[in-house]
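So the chains spell out like this:
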Amino acid sequence: MPFLSLTTWSLHRNLGPLRWTYWDEEAKTQGTAMDEQPQTISLLDLPALLRENGFQAMELCHFHLPETSTAYLDKLRESIVRSGIRLYTLLADYGDLTNPDEWRREADMEWMKKWIDVASALGAERIRIIAGDADPADAEAVRLAAAQLKRLIRYASDKQVRIVTENFHDLASTAANCISLLDICGEGLGLTTDFGNFAGEGKLAELGATIPRSESIHAKAITDGQGKPDEEEFKKCMDLVRSSGYEGPITLVYDGPGDMWEGINRVKALVQPYL
């Protein structure tokens with residue numbers, strides 16, 4: 001049976017500074033850019049708060065972690081365990097497995113390995129890895145991404161963390177490429193489908209191809225300037241989830257204007273009949 005989950009991105013204006021990872025070309029390594037945001041909710045308090053609001057799981061964006069010290073990760077893991085909520089996925093929101101610069105590509109691989117270690121320390125069941133920024137028409141890039149994902153699968157094999165990718169960024173912006181990555185990598189790779197990452201006339205067909213192969217759904221609604229969702233379009237997406245027999249988390253994604261909890265609850269009301 002599907003169950004409710006929330007990504008920390010849905011509260012990104014409430015969880016304090018965003019710590020974006022970027023590639024520093026001059027230093028040839030990753031850097032961190034701080035995007036100041038108010039903190040009205042502590043990440044350590046979030047699991048219990050989500051449980052109180054009817055969620056069974058959460059997905060955590062890497063840039064919301066204020067630090068990755070052993071002491072802090074232990075505290076956050078304890079908070080998650082105490083709440084009874086599942087940390088379903090740590091979302092690693094940086095990295096390009098298909099970058100033509102081998103130095104950068106390998107540096108990004110090492111960065112991802114460190115975040116696999118963080119996911120393991122937190123007790124996360126999965127880590128979402130971005131497949132790459134290459135042209136989706138580049139078949140060789142798909143093979144390269146699959147080879148890199150296999151390396152990460154091997155690295156994570158003894159850390160109790162499953163590798164998943166998503167229909168996110170250029171390379172995985174088509175259902176065909178998402179499915180190719182799954183087929184090449186086999187059972188070691190999972191997939192997240194985000195409603196908001198396919199667009200245009202073919203959106204529902206693309207979702208219809210990836211949802212049956214997915215183990216996580218990001219239920220993102222199209223919203224207007226007041227943060228109100230396009231209910232008809234969203235229900236069509238959820239109907240595809242229902243018809244597929246999907247039984248994993250429905251992770252609510254809200255990034256529209258206004259109060260974020262109000263936006264989350266509007267999407268939650270649309271999802272509730274499908275649970």
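Further up the page is the structure itself.
Residues numbered from 1 in each chain as written. Predicted model: local features only at pLDDT ≥ 70, side-chain atom pairs only at ≥ 80, totals over all residues. Heavy atoms only, no water.

**Some points on the pairing of strand E5 (residues 86-91)**
Part 1 of the argument: Taking burial as the measure, the 6 residues of E5 include 5 buried ones, the bulk of the element.
Part 2 of the argument: Across 5 bridges, strand E4 (residues 57-61) lies against E5 in parallel orientation. Each residue of the ladder has a partner; that of Leu60, found in E5, is Leu90.
Part 3 of the argument: Once you follow E4 into helix H2 (residues 70-83) and on to E5, the crossover reads as right-handed.
Part 4 of the argument: Both E5 and strand E6 (residues 126-128) contribute to a ladder of 3 bridges, which runs parallel. By the bridge assignment, Leu90 is partnered in E6 with Ile127. (Buried < 20%, exposed > 50% of the residue type's maximum accessible area, 1.4 Å probe, protein only. Helix = DSSP H or I, 4+ residues; strand = E, 2+ residues; numbered from the N terminus. Pairing = 2+ DSSP bridges. Right-handed = clockwise from strand over helix to strand, strands pointing away.)

**Details of the nonpolar core**
Part 1 of the argument: If you look at the biggest cluster of nonpolar residues, it comprises 78 residues, and the most contacted ones within it are Ile127, Ile163, Phe195 and Leu252.
Part 2 of the argument: For this core, the element with the most residues is helix H3 (residues 102-122), which contributes 9 residues.
Part 3 of the argument: Dropping the residues within four chain positions of it, Phe195 is found in contact with Lys203, Leu207, Ile211, Ile217, His218, Ala219, Lys220, Phe234, Cys237, Met238 and Val241. (Core = buried A, V, L, I, M, F, W, Y, C linked by side-chain atoms within 4.5 Å. Contact = heavy atoms within 4.5 Å.)

**Re the pairing of strand E1 (residues 3-7)**
Along any regular strand the residues' side chains alternate between the sheet's two faces.
Part 1 of the argument: Counting buried residues along E1, 5 of its 5 residues qualify, which places the element largely inside the surrounding structure.
Part 2 of the argument: Along E1, one buried face is formed by Phe3, Ser5 and Thr7 and the opposite face, lined by Leu4 and Leu6, is buried too.
Part 3 of the argument: With 4 bridges connecting them, E1 and strand E10 (residues 249-253) associate as parallel partners. Bridged to Ser5 within E10 is Thr251.
Part 4 of the argument: Summarising the sheet, E1 and E4 pair through 3 bridges and their orientation is parallel. When the sheet's bridge partners are listed, Thr7 is paired in E4 with Glu59.

**A closer look at a negative patch on the surface**
Part 1 of the argument: The grouping of Asp133, Asp135, Asp138 and Asp170 at the surface amounts to a negative patch.
Part 2 of the argument: Its location among the elements puts Asp135 in the loop between E6 and helix H4 (139-156). (Patch = residues over 30% accessible without salt bridge, like charges linked within 9 Å, V, L, I, M, F, W, Y side chains within 5 Å. Areas by Shrake-Rupley, 256 points an atom, 1.4 Å probe, with all protein chains shown as cover. Salt bridge = Lys/Arg side-chain N within 4 Å of Asp/Glu carboxyl O. Lys, Arg positive; Asp, Glu negative; His and termini not counted. Charge placed at Lys NZ, Arg CZ, Asp CG, Glu CD.)

**A few points about the pattern of salt bridges**
Part 1 of the argument: Overall, the coordinates contain 17 salt bridges when judged by the stated rule.
Part 2 of the argument: The salt bridge partner of Glu215 is Arg162, with a shortest N-O separation of 2.7 Å. A residue pair is termed long-range when its members are at least 10 positions apart, and Glu215 in the loop between helix H6 (203-210) and strand E9 (216-220) and Arg162 in strand E7 (residues 162-166) qualify at 53 residues.
Part 3 of the argument: One network of salt bridges, with partners in common, ties together Arg86, Glu125, Arg126, Arg162 and Glu215.

**Side note on H6**
Part 1 of the argument: Those residues of H6 that fall on the buried side of the exposure criterion are Lys203, Leu207 and Thr210. Within H6, the buried residues cover an arc of 70° as seen down the axis, which keeps them to one side.
Part 2 of the argument: In this structure, the buried residues of H6 make contact with helix H5 (175-185), strand E8 (189-194) and helix H7 (231-244). (Arc of directions from axis to C-beta.)

**Focus on the environment of Pro249**
Part 1 of the argument: For Pro249, the location among the structural elements is in strand E10.
Part 2 of the argument: By relative accessible area, which is 0% here, Pro249 ends up buried.
Part 3 of the argument: Separated by 140 residues in sequence, Pro249 and Met109 place their C-alpha atoms 28 Å apart.

So yeah, pure geometry; function would need other evidence.
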